[in-house]
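# Survey of secondary and tertiary structure
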Amino acid sequence: MSSQTTFTVRQAAFIGVGAMVGAGIFALLGAAGEVAGSAVWLSFVLAGIVAILQGYSFAKLGAKYPSAGGLLEYVAKGFGEGHVTGVTAWLIYVANAIVTAMVAVSFGSYASAMFAGGNAGWAKAFSVLILLAMTAVNIVGSKLVAKAQTVIVYVVLGILVIFAVVTIANMQLSLLAPSGYPPFRDIVSSVALTFFAFLGFGIITFTAKDLPDPGRQLPKAMFLALGIATVIYVAIAVGVFGTLTAEQVIASGGTALAVAAEPSLGAAGYWMMSVTALFATAGATNAGLYPAPGLCERLAQTRQFPPLMARRLGGRASAGLLIVTAICIVLALAFNLDAIASIGSAVALLVFMFITIAHFRVRAQTGANVVMLALAVGTAGAVLLTFIFTTLIHEPASILTLLVILAVSIALDLGWKYRYTHRAGPLPGAP
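Predicted, not measured: the structure shown is a model, and the values here were computed from it.

Rules used throughout
- Residues numbered from 1 in each chain as written.
- Predicted model: local features only at pLDDT ≥ 70, side-chain atom pairs only at ≥ 80, totals over all residues.
- Heavy atoms only, no water.
- Helix = DSSP H or I, 4+ residues; strand = E, 2+ residues; numbered from the N terminus.
- Rg over C-alpha atoms; globule rule 2.2 N^0.38 Å.
- Buried < 20%, exposed > 50% of the residue type's maximum accessible area, 1.4 Å probe, protein only.
- Contact = heavy atoms within 4.5 Å.
- Axes fitted to C-alpha atoms, helices over the stretch in contact; angles between N-to-C directions.
- Parallel < 35°, antiparallel > 145°, perpendicular 65-115°, else oblique.
- Nonpolar A, V, L, I, M, F, W, Y, C, P; charged D, E, K, R; others polar.
- Phe/Tyr/Trp six-rings, centres within 6.5 Å; stacked < 30°, edge-to-face > 60°.
- Lys NZ or Arg CZ within 6 Å of the ring centre and 35° of its normal.
- Salt bridge = Lys/Arg side-chain N within 4 Å of Asp/Glu carboxyl O.
- Expected span 1.5 Å × (residues − 1).
- Bend = angle between axes of the 7 residues up to and from the residue.
- Disulfide = S-S within 2.5 Å.
- Polar contact = N/O pair within 3.5 Å; in protein donor to acceptor, adjacent residues only side chain to side chain.

## Remarks on the overall build of the protein
Assigned secondary structure in the protein consists of 17 helices and two strands. Its C-alpha atoms give the protein a radius of gyration of 21 Å, near enough to 22 Å, the size a compact globule of 431 residues would have. Considering the protein as a whole, with its 431 residues, one finds that 57% of them fall into the buried category. Contacts spanning at least 24 positions in sequence make up 81% of the contacts within the protein whose residues lie at least 6 apart.

## Observations concerning the packing of helix H11 (residues 256-289) against helix H12 (residues 291-301)
One way to put it is that H11 packs onto H12 with a least axis distance of 5 Å and a crossing angle of 10°. Classed by the angle they form, the pair H11 and H12 counts as roughly parallel. Where H11 abuts H12, its residues Ala 287, Gly 288 and Leu 289 lie against Pro 291, Ala 292 and Pro 293. Taken together, the residues that form the contact of H11 with H12 break down as five nonpolar, one polar and no charged.

## Brief notes about the packing of aromatic side chains
If you walk through the whole model with that rule in mind, you get twelve aromatic pairs. Taking the ring centre of Phe 14 as reference, the NZ or CZ of Arg 10 above it sits at 5.9 Å.

## Brief notes about the pattern of salt bridges
Inspection of the entire model under this criterion finds four salt bridges. The partner of Glu 73 in a salt bridge is Lys 77, with the nearest N and O atoms 3.9 Å apart. Of this pair, Glu 73 and Lys 77 both sit in helix H4 (residues 71-79), four residues apart, which is roughly one turn of that helix. For Lys 77, a relative accessible area of 38% translates into the label partly exposed. We note a salt bridge from Asp 213 to Arg 216, for which the minimum N-O separation is 3.1 Å. In this structure Asp 213 comes out as partly exposed when scored by relative accessible area, which is 34%.

## Brief notes about unusual backbone geometry
With a phi angle near 65°, Arg 303 is a residue other than glycine that sits in the positive phi range. Mapped onto the secondary structure, Arg 303 falls in the loop between H12 and strand S1 (312-313). Given a relative accessible area of 33%, Arg 303 falls into the partly exposed group.

## A few points about H11
The end-to-end C-alpha distance of H11 is 28 Å, clearly below the 50 Å that 34 residues give at a rise of 1.5 Å each. Remark: the principal bend of H11, roughly 145°, maps to Leu 265.

## Description of the side chain of Thr 135
Assignment of secondary structure puts Thr 135 in helix H6 (residues 120-140). Judged by its relative accessible area of 5%, Thr 135 is buried. The contacts of Thr 135, once residues within four sequence positions are left out, are Leu 289, Leu 321, Leu 322 and Thr 325.

## Looking at the state of the cysteines
Summed over the entire model, instances satisfying the criterion amount to zero disulfides. With no disulfide partner, Cys 296 has as its closest neighbouring cysteine sulfur the one in Cys 328, 12 Å distant. Given the relative accessible area of 0%, Cys 296 is considered buried. Given a relative accessible area of 1%, Cys 328 falls into the buried group.

## Quick notes on the packing of helix H8 (residues 184-194) against helix H16 (residues 370-390)
Two quantities define a packed helix pair, namely the angle between the helix axes and the distance between the axes. Relative to each other, H8 and H16 sit at 95°, their axes nearing to 8 Å. If you check the angle between H8 and H16, you find them roughly perpendicular. Counted together, Val 188, Ser 189, Val 191 and Ala 192 of H8 and Val 383, Thr 386, Phe 387 and Thr 390 of H16 form the full contact between these two elements. In terms of residue class, the contact of H8 with H16 is made up of five nonpolar, three polar and no charged.

## Some points on the environment of Phe 195
Note on placement: Phe 195 falls in the loop between H8 and helix H9 (214-241). It is 9.9 Å that separates the C-alpha atoms of Phe 195 and Phe 387, two residues lying 192 residues apart in sequence. Beyond its immediate sequence surroundings of up to four residues, Phe 195 is in contact with Ala 47, Val 50, Ala 51, Leu 349, Phe 352 and Val 383.

## Some words on the side chain of Ser 38
Locating Ser 38 in the fold gives a position in the loop between helix H2 (23-36) and helix H3 (40-64). Reaching out from Ser 38, the side chain makes a polar contact with the backbone oxygen of Leu 175 at a distance of 3.4 Å. Setting aside residues no more than four positions away along its own chain, Ser 38 makes contact with Leu 175, Leu 176, Gly 180, Tyr 181, Phe 241 and Ala 246.

## Some words on helix H1 (residues 9-20)
For H1, which comprises twelve residues, the first-to-last C-alpha distance of 17 Å matches the rise-based estimate of 16 Å (1.5 Å per residue) to within 8%. Among the residues making up H1, those that are buried are Val 9, Gln 11, Ala 12, Ala 13, Phe 14, Ile 15, Gly 16, Val 17, Gly 18, Ala 19 and Met 20.

Given below as C-alpha cells:
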C-alpha cells in the first residue's frame, strides 16, 4: 500500500462536508427566502434528494473506477478520451476556480468586518491570504489537508449544531405554519438556489487516490457527507425561519444566522456565527483547492491537459494547483464575484448531469440501477432549467460569462490537442 494513502472514510467525507458547508449556507438563506418564504427548509430537503441521487451515480462510478481524476475519470469511461472529456475537464477546472474564489472572497468579507471595520481593501487582502494559506496546506500534502479539514469541520458543525438546537428550542411554530407557504412551484424554483449549498460533494470523488479501499469506502464517504449536510441545512433553516419572519431573514442577507442567534444568545451569538463563517469559508477554500493536483496529473497522463499542468515545482508544488490559485487570486481581486457566482453553479449542474448521462454507457460495469440514474439526470436537469429561467434569464452578464467560459474551454481543448497531434499523432483513446 502506498504511503500516500492516508484518508479514512470520515476524513474523505469531511473534505466534502467542508466544501459544502462553506459560504453557501451563510449567504443563501435570504435569497432562498425571497422565493420560498418560510418553506426554505423544504427546499433544502428537495435539494438534498437531488444531491443524493447524483451521489448515488458518483458513488457507483467511484467504486468501479477509483482515480485521482475524480469526476473526469467517469466522463472518460463513458465518452472516451476525446474532445468531450477535454472540454468537460476545462469546464470543471474553471468552474471550481470561480466557486473557490467566491468562497475566499466571503472569508475576506467576514474577516474584514470583524477585524478591519469592513474595509474593502482589507477584505481583498484577507481573500488573498486565505488562498495562499490553503495552497500551502495542499502543497504539504493530502495528510495535512485531511487533518486541517477535520479540525475545521468539527468546529463548524459543533457551532452549527449548538445554533440549531438553541434556535429550534426557542422557535415559534406559527412562523413555520404551512398556511404561510408560497405555491409549491415557488418552493421548487428555490431548489435552484439551495442546491448551490450541496455542490461541493463532487470533490469527494477526488479522494479515491487517498483511500485504502475506494471501492468500498468512497460510497460510504459520499453518503455520510450528504447526510450530514442535509440534516444540518434543514435544521438551520427550521431554526432561522422559526425565529425570524421571512421578511427579517431577507433583510438580514448574509448575516441571517448571526441575527437569528441574537434573541437567544445575544451579542455572543452574533460573534459565534461570524467565527463559524470564517472557519466554514476557510474549509471550503481548502477543499476547493484539493482536487487540482490529482486532477491535473491524471489529465496530463491521458493528454487532456498539457504536461506543464502536472509538473511538480521543487518536487512538491503542483503547477496545476499553483495555476488555479493564481486564477482564484485574479478573480478575487478583479471581479465582482456576486455577479458571476451563479456561473459556477450552472456549470456544475451541467457537468453533474452530463456525468450521469455518461454513466448510462457503462452501467453494466457499475451495476447501477437504471431508474436511479434516470431520476438523477431528470432532477438535475429540472434544477438547471429552473435555475436558467428563474435566475440567469435576468442576468445578461452571467449568460455572457457562461458563453465565454464555454468558448474558452473549447478553445483550450482544441488548441492543445491540435498542437499535440501535429507533434505526436492522435490522442490515445480519442474517437
